[in-house]
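Next come the chains, spelled out residue by residue.
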Amino acid sequence: MEFSAKQIAEFLQGRVEGDELATVHSFSKIEEGKPGAISFLSNPKYTHYLYDTQSSIVLLNEDVELEHPVSATLIRVKNAYESVAKLLQLYDSMKPKKKGIDPLAFVSPKAQIGQDCYIGAFAYVGDHAVIGDGCQVYPQAYIGEGVQIGANCIIYPHVNIYHGCKIGKSVILHAGCVIGADGFGFAPAEHGYDKIPQIGIVTIEDDVEIGANTCVDRSTMGSTYVRKGVKLDNLVQIAHNTDIGANTVMSAQVGVAGSTKVGQWCMFGGQAGVAGHITVGDQVKFGAQSGVNSSVESNRTMIGSPVMDTMPFFKSMAIFRRLPDMYKELGRLQKEIDELKKKNTHHE
C-alpha cells in the first residue's frame, strides 16, 4: 500500500516541502534510507544524513534549518518523533489480524471468549477465564482459572497469567512475562522459612505494555497494581503489593521491592533498584543504576546509590575521580606536617 506526501501531511497536519505526489510504501532509518521509504529526523546528531539520504520522504521538525539542498521530499511537523509514532501505529493497525481458535489450543468450556479473538496452538485458557473482544492470544500462552482480560489485548507466546489476575483493555504482554506469580513472602523459623501464602492478585489497567521476561508478583492480600498507561521494559521485577502509578515507565532490569507505591509519570533508568515499603512521588526521574532506599518527594530528578539530586551527584563524581591524586597529595602534606613538627620539637 502506497501513500503520497500530500496524504501523509494531511494525516499529520504537516506541511510539504518538495513533491507532494512523492509516494512511499515502507519505513527506513534516515541513515539507511532507500527509494520508496519514509524516514524521520528528530535527533540533531543525525542531521547530516538528511542531505544524502535516499529516502523519498523525510519527516522533520518545523524549526530545522537547512544548510544544503535536500533531494527528499520533506514534511514539516511540530514533533517528528511523535509523528512517526502515529504513522507506525496506523501502519500496524492496517495489518490483518488472525481470528479463530486453533484446534490445538485448549479452551475450557467454562471460559468466555469474546468476538473476533485469536487463540493460537497449544495456548491454554482455564476455567471461568474471560477474554474480551478482539484479543490475540499467541501459541503456548497460559491463561489461568478466573483470569479476566479486556478487549483488544495482545498476549504473546509463553506469557503466563496466573489465576484470578485482571488485565484491562489494550494491554500488550510480551513473550515470557509472568503475571501473578507468588510474591516473595517467607517467615523465618527455626527449621528454615515458612511460606506465607500469597492469596491476592495482580491488576493491570488499560493501555499497559509489559516487556519480555518481566515479572509482576501477586499480592499477599488485595492486589498488586500496574496503573493505566504504564510501560515496563524487558526483565523488570515488580514485587508483591506494589502500586505503579499511571504513565510511569521503567527501563530494563529495574527492580521494585514489595509494598512500595510509585507515583504517576515517573521514569526509571535501567537497573534502578527501589527498596520496599517506601513512597515515590509523581514525576520523579531516576538515572540508570540508581539505588532508592527511602521515600522521594514529587518532581525530583535523582541518580546514584543511594540516590541524590543530579547536581550534587555529578560534583561528587568529579571529586571521586580525583581521589587517587588527592590521596597522594594528602600523604605528601602529612609528611610535610610531620617534618615541621620534628623541627619545632628540636627548636624547643
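Residues numbered from 1 in each chain as written. Predicted model: local features only at pLDDT ≥ 70, side-chain atom pairs only at ≥ 80, totals over all residues. Heavy atoms only, no water.

Asks: What am I meant to see in the nonpolar core here?
Replies: Residues I161, L173, I179 and I204 are the most contacted members of the largest nonpolar core, which totals 51 residues. In contact with I204, other than residues within four places in its own chain, are K166, I167, G168, V171, L173, I179, I210 and V226. Core analysis: the second largest hydrophobic core is formed by 14 residues, A9, L12, A22 and L59 among them. (Core = buried A, V, L, I, M, F, W, Y, C linked by side-chain atoms within 4.5 Å. Buried < 20%, exposed > 50% of the residue type's maximum accessible area, 1.4 Å probe, protein only. Contact = heavy atoms within 4.5 Å.)

Asks: Whenever I open this one, the sheet that holds strand 19 (residues 166–167) confuses me. Can you help?
Replies: Strand order in the open sheet formed by nine strands is 10-13-16-19-24-27-30-33-36, with parallel pairing between adjacent strands. Only two strands of the sheet have a single partner each, and these edge strands are strand 10 (112–113) and strand 36 (279–280). Bridge count for strand 30 (residues 243–244) against strand 33 (residues 261–262) is two bridges, and the pairing is parallel. Residue I244 lies in a different strand from strand 33, and its bridge partner there is V262. (Pairing = 2+ DSSP bridges. Helix = DSSP H or I, 4+ residues; strand = E, 2+ residues; numbered from the N terminus.)

Asks: Would you mind showing me how to read the environment of N61 here?
Replies: Take N61: it is sitting in strand 6 (residues 57–61). Take N61: its relative accessible area is 18%, and that puts it in the buried class.

Asks: For this particular structure, what's the right way to read the pairing of strand 22 (residues 186–189)?
Replies: Each regular strand displays side chains that alternate between the two surfaces of the sheet. Two elements, strand 22 and strand 23 (residues 192–195), share four bridges in a ladder whose sense is antiparallel. The residue bridging A187 from the neighbouring strand is D194, located in strand 23. Here strand 22 hands over to strand 23 after two residues, the two strands then running antiparallel side by side.

Asks: Explanation requested: a nonpolar patch on the surface in the structure shown.
Replies: A contiguous nonpolar patch, built from I319, F320, L323 and M326 and spanning about 370 Å² of accessible area, is present on the exposed surface. Those elements that provide at least two residues to the nonpolar patch are helix 3 (310–321) and helix 4 (323–347). With respect to the helices and strands, I319 occurs in helix 3. (Patch = residues over 30% accessible without salt bridge, like charges linked within 9 Å, V, L, I, M, F, W, Y side chains within 5 Å. Areas by Shrake-Rupley, 256 points an atom, 1.4 Å probe, with all protein chains shown as cover. Salt bridge = Lys/Arg side-chain N within 4 Å of Asp/Glu carboxyl O.)

Asks: Please clarify how the pattern of salt bridges should be interpreted in this entry.
Replies: It is possible for side chains of opposite charge to pair when their charged atoms get near one another. Under the counting rule described, the total for this entry stands at 13 salt bridges. A salt bridge links R227 to E205; the nearest nitrogen and oxygen atoms lie 2.9 Å apart. Note that R227 is positioned in the loop between strand 27 (223–226) and strand 28 (231–232) and E205 in the loop between strand 24 (201–204) and strand 25 (209–210), a separation of 22 residues in sequence. The class of R227 is partly exposed, set by a relative accessible area of 23%.

Asks: Is there a simple way to explain the sheet that holds strand 26 (residues 215–217) in this structure?
Replies: Across a sheet, paired strands are connected by hydrogen bonds in the backbone, their directions being either parallel or antiparallel. Spatial ordering of the open sheet is given by 9-12-15-18-21-26-29-32-35-38, a layout of 10 strands whose pairing is parallel. The open sheet terminates on both sides in strands that have one partner only, identified here as strand 9 (106–107) and strand 38 (291–292). Bridge count for strand 26 against strand 29 (residues 237–238) is two bridges, and the pairing is parallel. When the bridges of strand 29 are listed, C215 appears paired with Q237.

Asks: I keep staring at unusual backbone geometry and nothing clicks. Help me out?
Replies: In most cases, non-glycine residues show a negative phi, while peptide bonds are predominantly trans. Residue P306 follows S305 across a cis peptide bond; omega there is 0°. Position of P306 among the secondary structure elements: in the loop between strand 39 (301–303) and strand 40 (308–309). Here the phi dihedral of N213 falls at roughly 60°; this positive angle occurs in a residue that is not glycine. Inspection of the secondary structure assignment puts N213 in the loop between strand 25 and strand 26. In the Ramachandran plot, S259 falls in the positive-phi region, its phi being about 60° despite a non-glycine side chain. Examined against the element boundaries, S259 turns out to sit in the loop between strand 32 (255–256) and strand 33.

Asks: Sorry, what's going on with the packing of aromatic side chains here?
Replies: Two aromatic rings, taken as a pair, are described by how far apart their centres are and by the angle between their planes. The full count for this structure, using the stated rule, is 10 aromatic pairs. With a centroid separation of 5.0 Å and an interplanar angle of 25°, the aromatic rings of Y138 and Y156 are classed as stacked. Highlighted residues: Y138 in the loop between strand 14 (136–137) and strand 15 (142–143) and Y156 in the loop between strand 17 (154–155) and strand 18 (160–161), separated in sequence by 18 residues. Classification of Y138 as partly exposed rests on a relative accessible area of 23%. According to the relative accessible area criterion, Y156 is partly exposed, its value standing at 24%. (Phe/Tyr/Trp six-rings, centres within 6.5 Å; stacked < 30°, edge-to-face > 60°.)

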